[in-house]
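Per-entry structural report
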Amino acid sequence: MSSNISSKQDVMKLLFNVTRFEMQYPRFIEESARQIIDQEILQPIKTAMRSFRYSEKIIDGTFIDNLFVNDNGFIQFDVVSDYKSELGFDVAKAREEGTKRHFIKAVGKAALSWVTNNVRLFSKGHWVKGFTKSNIIKKTTEIRFPIAQERITQESVIFFNRMVIQ
Amino acid sequence: MAVVEQVRFSIFSQQEIQELQNDVIEIEDLAERKNIAEEKIQQSKLARRGGIFAPNELDATLPAAITKKQGNALISRVDESKLANSVKSTDKTSAAPFVRSSSFRQIKDDVDLLKEGQKKTKDALSFLTDFQGTAFTKLLGAASNFLPVGFALSVATTVFALIQAQFGAGGIFDTRKRELDSVKSLIGLERETDIIGGDTLFLGNPTLVQGIARNQTSNTENLRDGQRRFVLRSNGY
């Protein structure tokens, strides 16, 4: 950087470029990071969910939220997976974090009924096995984090070179 | 409660950019000092010149001792003080604080002003974009307190309403009417494509025929056929 500076005009230009970089960097990195996070974090999570035969409703309910750029040198966001059944049971959380063996109680008359030897039998409820926790979001985020960080750093350096060094 | 995984990536911090700016300020100082030093060296060289290598005839006529004194006097006191100040700026133990008029700080001040201006503009825009809501009503109410402004606004609103009405059905700016006129002038895309492609011969003289020449018994027959052909072609056959 300093090898190109030979006159006061060069220094003035450099000052201008650094100031311009300071002004434009937050907006650039927010846009750039949004794309990278989508490609490197969100899409792999959704792919993993499909391979684990997650419901499409859970996959559609998985998104990036609360993305913001902080002056202290970090960009923060939440990977959210939100899908509840009609009765309010958090299915997304159950698949991610697993559930213990629990009792399912019949709510409607037609619920929990089955036909055996042409006779419809009803149940007031029964115990079901819990879900095994998959931790897809947590594991995939941990695995993909270094790749995404590397790309963000690379993008930052390219932007810096383009704006300041030229 | 949904599953929420919080993630943080490292990027350039404000502090890092600030450090970079400080480095550039340092480079600016060095460049300024270099310029001052170069000027001083140049002036010293000029001052030492005499005899046949003097820059002008007046110097050549003067003795070397006088030209040297003259040269020393030529060195500007302003440059001397600049150099002293730039050196002093790095001297941490100096009692008198030296306020450096940095070009960078000037730029920074300009940027701060710009940012402030942008913020004000943004606020004003967010206020005005809600012009169909309460904000614009309040603005109109406030403006109408000043009679000339209120009058101008009411005239402008009336004129705007009049012009807006002309875009409606039957108005001079009614786009549907224009579209109908243009549709009338079209001969159809298929027909036009045939003419451009050469599949259909379209000539000003209808007596001219397309294809192999036939045995013509009379010129009137040819004309009759030509007219028929013209009518058919006009109808798109």
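Residues numbered from 1 in each chain as written. Chains lettered and ligands numbered in written order. Predicted model: local features only at pLDDT ≥ 70, side-chain atom pairs only at ≥ 80, totals over all residues.

Considerations on the overall build of chain A
A tally of helices and strands in chain A yields four helices and six strands. Ordered by position from the N terminus, the helices and strands of chain A form the series α-α-β-β-α-β-β-β-β-α. Taken across its 166 residues, chain A has 20% of its residues classed as buried. Taking as baseline every contact in chain A between residues at least 6 positions apart, the subset at least 24 positions apart corresponds to 61%. (Helix = DSSP H or I, 4+ residues; strand = E, 2+ residues; numbered from the N terminus. Buried ≥ 20, exposed ≤ 12 C-beta atoms within 10 Å, placed from the backbone. Contact = placed C-beta atoms within 7 Å.)

Side note on the environment of Lys-133 of chain A
All names here are of chain A. In this fold, Lys-133 is placed in the loop between β6 (125–128) and α4 (136–165). For Lys-133, a count of 14 C-beta atoms within 10 Å puts it in the partly exposed group. Separated by 35 residues in the primary sequence, Lys-133 and Gly-98 have C-alpha atoms spaced 3.7 Å apart. Ignoring any residue separated from it by four or fewer positions in sequence, one finds Lys-133 in contact with Glu-96, Glu-97 and Gly-98.

Considerations on the interface of chain A and chain B
The interface of chain A with chain B comprises 39 residues on the first partner and 29 residues on the second. The element best represented in the side of chain A that touches chain B is helix α1 (residues 8–51) of chain A, accounting for 13 residues. In terms of residue class, the side of chain A that touches chain B is built from 21 nonpolar, nine polar and nine charged. (Nonpolar A, V, L, I, M, F, W, Y, C, P; charged D, E, K, R; others polar.)

Focus: the confidence of the model for chain A
Do not read the predicted coordinates in detail wherever pLDDT is low. When pLDDT is averaged across chain A, the result is 86; 94% of the residues are at 70 or more. Taken element by element, chain A is modelled with least confidence in strand β3 (residues 102–105) of chain A, mean pLDDT 81, and with most confidence in strand β2 (residues 74–81) of chain A, mean pLDDT 92. (pLDDT = per-residue confidence, 0-100.)

Observations regarding the nonpolar core
In terms of nonpolar packing, the biggest core is built from 22 residues, with Ala-33, Ile-37, Ile-45, Ala-148 and Ile-152 of chain A together with Phe-9 of chain B touching the most fellow members. If you list the elements that add at least two residues to this core, you get α1, β2 and α4 of chain A together with β1 (3–10) of chain B. Of the residues forming this core, the biggest block, seven residues, is contributed by α1 of chain A. Phe-9 of chain B has contacts with Ala-33, Phe-74, Ile-75, Ala-148, Gln-149 and Ile-152 of chain A, leaving out every residue within four places of it along the chain. Judged by nonpolar contacts, the second largest core, of six residues, contains Val-11, Leu-14 and Val-18 of chain A together with Val-24 of chain B. (Core = buried A, V, L, I, M, F, W, Y, C linked by C-beta atoms within 7 Å.)

Description of helix α9 (residues 189–197) of chain B
Here α9 of chain B lies mainly on the outside; zero of its nine residues are buried. A positive backbone phi angle near 90° is found at Gly-198 of chain B, which sits one or two residues after α9 of chain B.

Here's the deal with the sheet that holds β2 of chain A
The sheet built from three strands is open, its strands ordered β1(A)-β2(A)-β1(B) with antiparallel pairing. For this open sheet the edge positions go to β1 (62–70) of chain A together with β1 of chain B, each flanked by a neighbour on one side alone. Across the sheet, the mean angle separating the axes of adjacent strands is 20° when strand polarity is ignored. Relative to β1 of chain B, β2 of chain A runs antiparallel, the two being bridged by eight bridges. Each residue of the ladder has a partner; that of Gln-76 of chain A, found in β1 of chain B, is Arg-8 of chain B. Docked against the sheet, α1 of chain A engages β1 and β2 of chain A together with β1 of chain B, running at close to 155° with respect to β1 of chain A. The sheet contacts of α4 of chain A involve β2 of chain A together with β1 of chain B, and relative to β1 of chain B the element is tilted by about 20°. (Pairing = 2+ DSSP bridges. Axes fitted to C-alpha atoms, helices over the stretch in contact; angles between N-to-C directions.)

Side note on unusual backbone geometry
Residues and elements named next belong to chain A. For Arg-53, which is not a glycine, the phi torsion comes out positive at approximately 60°. Mapped onto the elements, Arg-53 comes out in the loop between α1 and α2 (56–60). Positive phi, close to 60°, is recorded for Asn-118, a residue that is not glycine. Positionally, Asn-118 belongs in the loop between β4 (113–116) and β5 (119–122). For Asn-118, a count of 5 C-beta atoms within 10 Å gives the class exposed.

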